[in-house]
Structure formats: structure tokens, C-alpha cells
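# A closer look at the structure
Read off the chains here:
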Amino acid sequence: MAEPATIDESPFPLLHLTPCIGTEVHGIDLAQDLDQAVIDYLSNLLVERKVIFFRGQQISREAHIAFAARFGELEVHPFTANNDEHPEIIHLNNDEAHPPYINIWHSDVTWRAEPSLGSILRARVVPEVGGDTLFANMEAAYDALDEATREAIDGLEAVHDNESFLNGMRANGASEEAVAAKRAEFPPATHPVVRTHPVSGRKSLYVNRAFTRRIVGMDTEASDTLLNKLYLQAWIPDYQCRFRWQPDSFAFWDNRAAQHYAAADYWPHRREMERVTIIGDRPR
Ligand code: SIN
């Protein structure tokens, strides 16, 4: 691997994956009780680079959780297979019998009233080749829209829902009563189409193909046409980076300003990941 490029002001060697998004941070042991100054530095780097990566972190699950908890309150995901001992950890395990399904651009849990600030994902088992995760800078995606579109979407709101998870419950044999109870507990959420980052004040596109359903106040055809145009902004390689996993690599992304896509090209081989999700604020 190339030597990390060092940025003068950084206390750690950094390796940028692309000019627009994604930086590997070297020289940090995530198992340590890091100084608040280091946590502040990483928070700022995350806001600037949208996703930061760490390699070779053979740390315990407790240390993974403890590191994530330095950045905010942690979520216990209401739908996924959580670890019994550590409910904050989601297991994302795929093999021949369990095909991957997260090969869709999204930001995590946007169907919640207060969606995620960020997610910290660890690779446990990686396929020999493939299974990369791609990330898109949604501030750059917003900036690149033509002025007429930026003006047209200013002030619009969109509805996000968890229908895909409810369908997953049905597929696993849950009763309609149980599905209805979950829907009542986690009703669809309405968020601005363009959100302003609570730290940087920068605007980003906050709609995604996985969870956004419609734009409030628009007929279905107009809403679908506009949403499809906006979703495609995440697909532009100029605003992306692509991370090649190794066992014990960690990725920490800013769900407020980035989307991600887990390539399913490795299937039917095995890939096992563990995610801890940090709760964020209500998008504005
Ligand atoms: C996720 O979408 O949270 C997981 C991404 C991945 O498995 O690469």
C-alpha cells in the first residue's frame, strides 16, 4: 500500500482516497481511551471528508461501542439482527444462503424522525475480492445541480419510510398485527430535501432511493421524476470514493452528508460486518 500522505496540520498520517471524499487515518488505536482533542479532531475530519477509515483495528466489540459512544448516543436498530450481548451492534452477514441487499444508495435510518449522525462499520470476514463499499459526498452532489434545480428544490420536504424493513418482517413470518405495531412505533418521517449540516452549515441532498418515497405536495409522477433525478446525483463517480475492506478495517461515515452503497459483487461468497450507529439530530 502507498505511504499515507501527511497533511501538515494533522496529528496523524492521512491518506485521501479521492479529492472529494474519504480519508484513511493512520496511527490511531481505537481501543485506547482517546483524548477529547483526538475525538474533536476526528469529528472535524469526518465533517470535512464525509467518511474516514482505520485499518488493522483488532479491537473488542466493547471497544467498538465505546469508541462510537464518544460521538453521541447509540441506536439499537429496531428491525435488524442485533447482537444479543451488545444490542448496539448490528450484524450484516451474507453468504450463499443470505444474499446481500444493501446494494442501493442510501443514508442510514432516514425513516426515523432523528436519523443517524454517523455509522461505524467493522469488517470481520471479507471476500477474497469484491464487497467494497462506495461512498458519495452529497454536498458535492447538491452543489453540482444546476441553479434552476437548486431553486426548485429549496424548501421542499420528502417522506421517508421503513417499508423495506416491514416487508422483511413479513418475509420472516411476522403477523400483520406485529407489522402494524412496528409501523405505529416508527411512522414515516418527513425531512427537507436539502438539509443543512448542523456543524458545517453546508447544504446537501437528503433524499435516497432506499427510504425516500415521495415529495410532499407533488403528484406521484412529478415527485418520481424529480426524485429519480436527485437520486442519480449519488451515482456520479466524481463525488465518490470506494473502500476495499480488509479484516478489522473500520469505516466511519457522516450520514448527514454522505450516502453509501455496499457492492454485492462478491456473492455467493461470505462477508461479515458489524455496525454501530450514532443517533443524530432532526434534519433542518
Ligand atoms: C450499511 O449499509 O450500513 C452497510 C454497508 C456495508 O456493508 O458495506
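Located above this text is the structure these notes cover.
All values derive from a computational prediction rather than experimental measurement.

## Quick notes on the site of the ligand
Taken together, the residues surrounding the ligand are Leu92, Ile102, His106, Asp108, Leu121, Thr133, Trp253, His260, Ala262, Arg271 and Arg275. Threonine 133 has a polar side-chain atom sitting 2.5 Å from an oxygen atom of the ligand. One nitrogen or oxygen atom from the side chain of arginine 271 is found 2.7 Å from an oxygen atom belonging to the ligand. Elements represented by at least two residues in the shell around the ligand include exactly β14 (258-262) and β15 (271-279).

## Focus: the sheet that holds strand β12 (residues 240-243)
Ordered in space as β12-β6-β14, the three strands form an open sheet in which the pairing is antiparallel. Lying at the two open borders of the sheet, with one neighbouring strand each, are β12 and β14. Mean inter-strand twist for the sheet, computed between neighbouring axes without regard to direction, equals 20°. Examined bridge by bridge, strand β6 (residues 133-137) and β12 share four bridges and lie antiparallel to one another. In the sheet register, phenylalanine 135 faces β12, and the bridge partner there is cysteine 241.

## Quick word on the sheet that holds strand β11 (residues 212-215)
Ordered in space as β8-β7-β11, the three strands form an open sheet in which the pairing is antiparallel. Each edge of the open sheet is held by one strand with a lone partner, namely β8 (189-192) and β11. Each strand of the sheet is rotated relative to its neighbour by a mean of 35°, with strand direction disregarded. Bridging between strand β7 (residues 157-160) and β11 involves three bridges; their strand directions are antiparallel. The partner of valine 159 across the bridge, within β11, is arginine 214.

## Observations regarding the packing of aromatic side chains
Taken as a whole and judged by the stated rule, the model has 16 aromatic pairs. Here the aromatic rings of phenylalanine 53 and phenylalanine 243 are separated by 3.9 Å at their centres, their planes lie at 10°, and the arrangement is stacked. On the criterion of sequence distance, the pair formed by phenylalanine 53 in strand β3 (residues 51-54) and phenylalanine 243 in strand β12 is long-range, its members being 190 residues apart. Taking the relative accessible area as the measure of exposure, phenylalanine 53 reaches 0% and is therefore buried. The interplanar angle of 75° and the centroid separation of 5.4 Å between the aromatic rings of phenylalanine 79 and tryptophan 111 together place this pair among those described as edge-to-face. Remark: tryptophan 111 occurs in the loop between β4 (89-94) and β5 (116-125) and phenylalanine 79 occurs in the loop between α2 (61-69) and β4; sequence separation between them is 32 residues. Its relative accessible area of 16% is what places phenylalanine 79 among the buried residues. Within the aromatic cluster, the residues linked to one another by ring pairs are Phe53, Phe135, Phe243, Trp245 and Trp253. Just above the ring of tyrosine 142 sits the side chain of arginine 150; from NZ or CZ to the centre is 6.0 Å. A cation over a ring is seen here: arginine 195 above tyrosine 206, with NZ or CZ 4.9 Å from the ring centre.

Thresholds applied
Throughout, a residue's number is its position along its own chain's written sequence, starting from 1. Note on the predicted model: pLDDT of at least 70 is required for a residue's local features to be given, and 80 or more for side-chain atom pairs to be given and counted; whole-chain, interface and lining totals, by contrast, use all residues. Excluding hydrogens and water, the side-chain figures rest on all heavy atoms present in the structure. Near residues are defined by distance, with any heavy atom within 4 Å of the molecule or strand qualifying the residue. Any pair of N or O atoms that falls within 3.5 Å is considered a polar contact. Within protein, one atom must be able to donate a hydrogen and the other to accept it, and sequence-neighbouring residues count only if both atoms are side-chain atoms. Only runs of H or I of at least four residues qualify as helices and only runs of E of at least two qualify as strands under DSSP, and these elements are numbered from the N terminus. When DSSP finds at least two bridges between two strands, those strands are taken to pair. For helices, the axis comes from a line fit to the C-alpha atoms of the stretch in contact; other axes are also lines fit to C-alpha atoms, and the angle between any two N-to-C directions lies between 0 and 180 degrees. In summary, the pairing rule links any two rings of Phe, Tyr or Trp, Trp by its six-membered ring, whose centres are within 6.5 Å, and it sorts them by plane angle into stacked for under 30 degrees, edge-to-face for over 60 and tilted for everything else. Note on exposure labels: buried denotes an accessible area under 20% of the residue type's maximum, exposed denotes more than 50%, and partly exposed covers the range between, all computed with a 1.4 Å probe on protein chains only. Remark: a charge is flagged as sitting over a ring if the NZ atom of Lys or the CZ atom of Arg is within 6 Å of the ring centre and within 35 degrees of the ring normal.

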